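Okay, here's what each chain looks like letter by letter:
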Amino acid sequence: MSEIKRLRRSREDRTVAGVLGGIAEYLGTDPTMVRAVFLLTILLTGGVAVLAYPALWLVMPEAPPVPVSSAPNDHLTHDA
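First things first, this report covers the structure right here in the doc. Keep in mind the model is a prediction, meaning the values are calculated, not measured. (Residues numbered from 1 in each chain as written. Predicted model: local features only at pLDDT ≥ 70, side-chain atom pairs only at ≥ 80, totals over all residues. Heavy atoms only, no water.)

1. A short note on the packing of helix 1 (residues 19–27) against helix 3 (residues 52–59)
Alright, step 1. Put simply, helix 1 and helix 3 touch, their axes get as near as 10 Å, and they point 70 degrees apart. The orientation of helix 1 relative to helix 3 falls into the category roughly perpendicular. Contact residues: Val19, Leu20 and Ile23 in helix 1; Tyr53, Leu56 and Trp57 in helix 3.
Alright, step 2. Here the residues of the contact of helix 1 with helix 3 are counted per class, giving six nonpolar, no polar and no charged. (Axes fitted to C-alpha atoms, helices over the stretch in contact; angles between N-to-C directions. Helix = DSSP H or I, 4+ residues; strand = E, 2+ residues; numbered from the N terminus. Parallel < 35°, antiparallel > 145°, perpendicular 65-115°, else oblique. Contact = heavy atoms within 4.5 Å. Nonpolar A, V, L, I, M, F, W, Y, C, P; charged D, E, K, R; others polar.)

Right under this line is the structure:
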């Protein structure tokens, strides 16, 4: 069974709060393209779209932390 995609703020790809990085992860696209489209939207709406960022920041939950896995060579011992 496949996992449900959820819109969350990115922990890895963030410039300010991870909102646009999270949207890019959700859409499966390049974060730079999402940022460019958002900038274009701000320009086309006369700056009104800039209010969407803090609103999304408040509404979108942050992605859960990625579990840290052990290094692939942890089983090797190192003699000093």
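2. Topic: the environment of Glu12
Alright, step 1. Within the secondary structure, Glu12 is located in the segment before helix 1.
Alright, step 2. Distance in space between the C-alpha atoms of Glu12 and Val66 is 9.4 Å, their sequence separation being 54 residues.
Alright, step 3. Those residues within four positions of Glu12 in sequence are excluded, and the remaining contacts are Glu25 and Val66.

3. Side note on the environment of Ala49
Alright, step 1. With respect to the element layout, Ala49 can be found in the loop between helix 2 (31–44) and helix 3.
Alright, step 2. Sequence separation between Ala49 and Leu39 is ten residues, and the spatial gap between their C-alpha atoms is 8.9 Å.
Alright, step 3. Here Ala49 is in contact with Phe38, Thr41 and Ile42, once residues within four sequence places are set aside.

4. A closer look at the pattern of salt bridges
Alright, step 1. Inspection of the entire model under this criterion finds two salt bridges.
Alright, step 2. A salt bridge links Arg11 to Glu62; the shortest N-O distance between them is 3.6 Å. Separated by 51 residues along the polypeptide, Arg11 in the segment before helix 1 and Glu62 in the segment after helix 3 bring together distant segments of the chain.
Alright, step 3. In this structure Glu62 comes out as partly exposed when scored by relative accessible area, which is 28%.
Alright, step 4. As a salt-bridge pair, Arg35 and Asp13 come within 3.4 Å of each other at their nearest N and O atoms. Of this pair, Arg35 sits in helix 2 while Asp13 sits in the segment before helix 1, and the two are 22 residues apart along the sequence.
Alright, step 5. The exposure class of Asp13 is partly exposed, given its relative accessible area of 24%. (Salt bridge = Lys/Arg side-chain N within 4 Å of Asp/Glu carboxyl O. Buried < 20%, exposed > 50% of the residue type's maximum accessible area, 1.4 Å probe, protein only.)

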